[in-house]
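# Structural characterization, general
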Amino acid sequence: MTEVIRPAATVLLLRDGAEGLEVHLLRRTRGMPFAGGMTAYPGGGVDRRDGDTDVAWAGPAPAEWAQALGCDERTARELVCAAVRETFEEAGVLLAGSPDGSDVVPDVSGDDWEAQRQALLTRELSLAELLATRGLALRADLLRPFAHWITPPQETRRYDTRFFAAALPVGQEARDVSGEADEASWLTPEAALTQMRAGTRPMLPPTIHTLSQLSAFADVAAALAGSPPEPLHPIMPELRTTPEGRFAELPDGTRIGLVVPLPS
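Residues numbered from 1 in each chain as written. Predicted model: local features only at pLDDT ≥ 70, side-chain atom pairs only at ≥ 80, totals over all residues. Heavy atoms only, no water.

### Here's the deal with the overall build of the protein
Short version of the rule: Only DSSP runs of H or I reaching four residues or more are called helices, and only runs of E reaching two or more are called strands; each is numbered from the N terminus. The atom set for the radius of gyration is the C-alpha atoms, and the globule formula is 2.2 Å times the number of residues raised to the power 0.38. Contact criterion: two residues are considered in contact whenever any of their non-hydrogen atoms come within 4.5 Å of each other.
Scanning the protein for helices and strands turns up 7 helices and 13 strands. Computed over the C-alpha atoms, the radius of gyration of the protein is 18 Å, within 12% of the 18 Å expected from 2.2 N^0.38 for a compact globule of 264 residues. Viewed in the frame of its principal axes, the protein has a C-alpha envelope of about 60 × 50 × 35 Å. Counting contacts in the protein only where the partners sit at least 6 residues apart, residues at least 24 apart contribute 68% of the total.

### Overview of the sheet that holds strand S12 (residues 245–249)
Short version of the rule: Two strands qualify as a pair provided DSSP detects at least 2 bridges between them. Inter-axis angles, ranging from 0 to 180 degrees, are taken between N-to-C directions of lines fitted to C-alpha atoms, where helices are fitted over the stretch in contact.
In spatial order, the strands read S11-S12-S13; together these 3 strands make up an open sheet with antiparallel pairing. Looking at strand neighbours, the two that pair on one side only are strand S11 (238–242) and strand S13 (255–257), the edges of this open sheet. The mean inter-strand angle of the sheet, taken between neighbouring strand axes irrespective of direction, is 35°.

### Points about the pairing of strand S9 (residues 158–167)
What counts here: Categorising residues by exposure relies on relative accessible area from a 1.4 Å probe, with only protein chains included: less than 20% of the type maximum marks a residue as buried, more than 50% marks it as exposed, and the intermediate range marks it as partly exposed.
Buried residues dominate S9, accounting for 9 of its 10 residues. Pairing analysis gives 10 bridges linking strand S1 (residues 5–17) to S9, with the strands arranged parallel. Within the sheet, the bridge partner assigned to Ala-8 lies in S9 and is Thr-161. When strand S8 (residues 143–150) meets S9, the two strands line up antiparallel, connected through 7 bridges. Counterpart to His-148 in the pairing with S9 is Arg-162.

### Topic: the state of the cysteines
We apply this condition: By definition, disulfides here are pairs of cysteine sulfur atoms that lie within 2.5 Å.
Overall, the coordinates contain 0 disulfides when judged by the stated rule. No disulfide involves Cys-71; its nearest neighbouring cysteine sulfur is the one of Cys-81, lying 12 Å away.

### Focus: the pairing of S12
When S11 meets S12, the two strands line up antiparallel, connected through 5 bridges. Bridging from a neighbouring strand, Thr-241 pairs with Arg-246 of S12. Here S11 folds back onto S12 in antiparallel fashion, the turn holding 2 residues. As paired elements, S12 and S13 share 3 bridges and run antiparallel to each other. Within S13, the position partnered with Ala-248 by the bridge is Ile-256. Taking the residues that link successive antiparallel strands as the turn, the S12-S13 hairpin has 5 residues, and the phi of Gly-253 there is positive, at about 95°.

Printed below as a string of structure tokens:
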């Protein structure tokens, strides 16, 4: 049987806070079949309708994204759409605006928006349909490629995930709306990593590594200008067990400790 590696997208949603650059983090509920109890960014698997060509689109075309992400044009379209859809589903933030790309929708928190967000979650509504009802276009120019990770073969659920960076749009607020998370926080990368090292905020290696990369940026403008922080190439860690514990070893030799089991 051919192993299924599911394409996925995740978004490092950023804002400038009192202590510097902050990132929006979700703690996934423990009952989740993948990464339960772990802190992660909004994101998830590609939906088959994310590739719909009738999605209103502003910003770099799918062909340009294909070059940036190292994939074919349809996959690029799916990944960018999945990034926008998942950010709205899991954080209540919509990276969309006028078809001419002149603005971003300022507020998506009303009851009518919530009904459409729920319809997206249940797949009663596609992203293309949501945008069409509002006369909006996906703002591909608000996203930046950040990283590309592939789940190692030892895992039962495998994902081929592109990480994107995006600034929180002016007027919008990230909200704790995801049924897949039991906590949502804005933290500086270093604060999140400090909690991880203390054992109070477990994370998977891609989250740890990308937070370390974000730590180099002073503010949102620097992070977006510096994305991707290194040449975009797929990273598939190797899982190793040593007397010191279990590690994910990256292609450059970097070792990231694995938290197993989760702390109580």
